[in-house]
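# Notes for the structure review
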Amino acid sequence: MTDTTNPNIQIKVVSDSSQAQADLRRMDNSLSKVEKRAESTAASLASLASRLATAFAGAAVVAGIAKTSDAFLNLQNRLKLVTDSTQQLVSLQDEIISLSNATRSSVDATSSVYSSFAKSVKDSQEGILGVSKTVQQAVALSGASGDSAQAALLQLSQGLQSGTLRGEELNSVLEQTPALARAIAAGMGKSLGELRSMAADGDLTTSAVYS
């Protein structure tokens, strides 16, 4: 029987098979390289994101520390003006911070109110702290936002430091912390309308508000 197999065809098939395997190997290598590059890129992006997050977190921490340091420095400078010794200063700082925590108010606002009274009235540290606490509690009862409460207390402090609470300052207190305005009026045995008249006439003095 004659072998009809064409050797040329056999050689071509083997050759094509070898070429296909070589092509597959090259494809695998290419895919492997692409995968490695993708993994490398993903790792680089993850590393970049991590570094950015760390950088921003660090900046936030530094800003927080700086802000706290400024607030503490302001507290010291303000209280130095109304204390006679380092021991009294340290003691008063602790009291102001405790009072701020108890009334959920800022240390800056509490120290501002305290120092305003301390500069204008003759009373003990305990007495002034007591009145300052009443002011902060009334502000809290007003339900004002932090910024509004801060603005009202700033106006109040400015008026108290000048010796007389004027119309603009009183209006700020009336509008932003009405409970505080009512407490002041009640403490003086006056109505809010009478309080306005006193402010307009320049009779709403720090001593009158404090008493």
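Residues numbered from 1 in each chain as written. Predicted model: local features only at pLDDT ≥ 70, side-chain atom pairs only at ≥ 80, totals over all residues. Heavy atoms only, no water.

Time to look at a negative patch on the surface. A surface patch of negative charge is lined by Asp 94, Glu 95, Asp 123 and Glu 126. Along the polypeptide, Glu 126 turns up in helix H4 (residues 125-142). Judged by its relative accessible area of 59%, Glu 126 falls in the exposed class. (Patch = residues over 30% accessible without salt bridge, like charges linked within 9 Å, V, L, I, M, F, W, Y side chains within 5 Å. Areas by Shrake-Rupley, 256 points an atom, 1.4 Å probe, with all protein chains shown as cover. Salt bridge = Lys/Arg side-chain N within 4 Å of Asp/Glu carboxyl O. Lys, Arg positive; Asp, Glu negative; His and termini not counted. Charge placed at Lys NZ, Arg CZ, Asp CG, Glu CD. Helix = DSSP H or I, 4+ residues; strand = E, 2+ residues; numbered from the N terminus. Buried < 20%, exposed > 50% of the residue type's maximum accessible area, 1.4 Å probe, protein only.)

Running from N to C, helix H3 (residues 107-120) and H4 point in directions that differ by 130°, and their axes come no closer than 9 Å. Relative to H4, H3 is oriented oblique. The crossing of H3 and H4 is right-handed. Within the contact between the two elements, H3 uses Ala 109, Thr 110, Val 113, Tyr 114, Phe 117 and Ala 118 and H4 uses Gln 125, Ile 128, Leu 129, Val 131, Ser 132, Val 135 and Gln 136. By residue class, the composition of the contact of H3 with H4 is nine nonpolar, four polar and no charged. (Axes fitted to C-alpha atoms, helices over the stretch in contact; angles between N-to-C directions. Parallel < 35°, antiparallel > 145°, perpendicular 65-115°, else oblique. Left-handed = near helix turned anticlockwise from the far one by under 90°. Contact = heavy atoms within 4.5 Å. Nonpolar A, V, L, I, M, F, W, Y, C, P; charged D, E, K, R; others polar.)

Okay, unusual backbone geometry next. The phi dihedral of Arg 104 falls on the positive side, at around 55°, and the residue is not glycine. With respect to the helices and strands, the residue Arg 104 is situated in the loop between helix H2 (86-103) and H3. On the basis of relative accessible area, Arg 104 is assigned to the exposed category, the value being 81%.

With that out of the way, let us pick up the side chain of Ser 172. Mapped onto the fold, Ser 172 is located in helix H6 (residues 167-176). The class for Ser 172 is buried, based on a relative accessible area of 9%. Contacts of Ser 172, omitting those with residues within four sequence positions, involve Ala 151, Ala 152, Gln 155 and Thr 177.

Between two packed helices, what matters for the description is the angle formed by their axes and the separation of those axes. Interhelical geometry of H6 versus helix H8 (residues 192-201) gives an angle of 155° and a closest axis separation of 9 Å. When the axes of H6 and H8 are compared, the pair comes out roughly antiparallel. The element H6 and its partner H8 pack so that their crossing is right-handed. Across the interface between the two elements, Gly 167, Leu 170, Asn 171 and Leu 174 of H6 pack against Leu 192, Leu 195, Arg 196 and Ala 199 of H8. Among the residues making up the contact of H6 with H8, the classes are represented as five nonpolar, two polar and one charged.

Next up on the list: H4. Taking 1.5 Å as the rise per residue, H4 with 18 residues should run 26 Å; its terminal C-alpha atoms sit 26 Å apart, in good agreement. Residues of H4 that are buried in the fold lie against H2, H3, helix H5 (146-162), H6, helix H7 (178-188) and helix H9 (206-210). Gly 143, located one to two residues past H4, shows a positive phi value of around 70°. (Expected span 1.5 Å × (residues − 1).)

This part is about the pattern of salt bridges. In the structure shown here, the tally under the stated rule is one salt bridge. A salt bridge links Arg 78 to Asp 108; the shortest N-O distance between them is 2.9 Å. A residue pair is termed long-range when its members are at least 10 positions apart, and Arg 78 in helix H1 (residues 7-80) and Asp 108 in helix H3 qualify at 30 residues.

A few words on the environment of Gly 202. The residue Gly 202 is located in the loop between H8 and H9 in this model. Judged by its relative accessible area of 18%, Gly 202 falls in the buried class. Once the C-alpha coordinates of Gly 202 and Gly 163 are considered, the two residues, 39 residues apart in sequence, prove to be 9.7 Å apart. Excluding residues that lie within four positions of it along the chain, Gly 202 makes contacts with Thr 164 and Arg 166.

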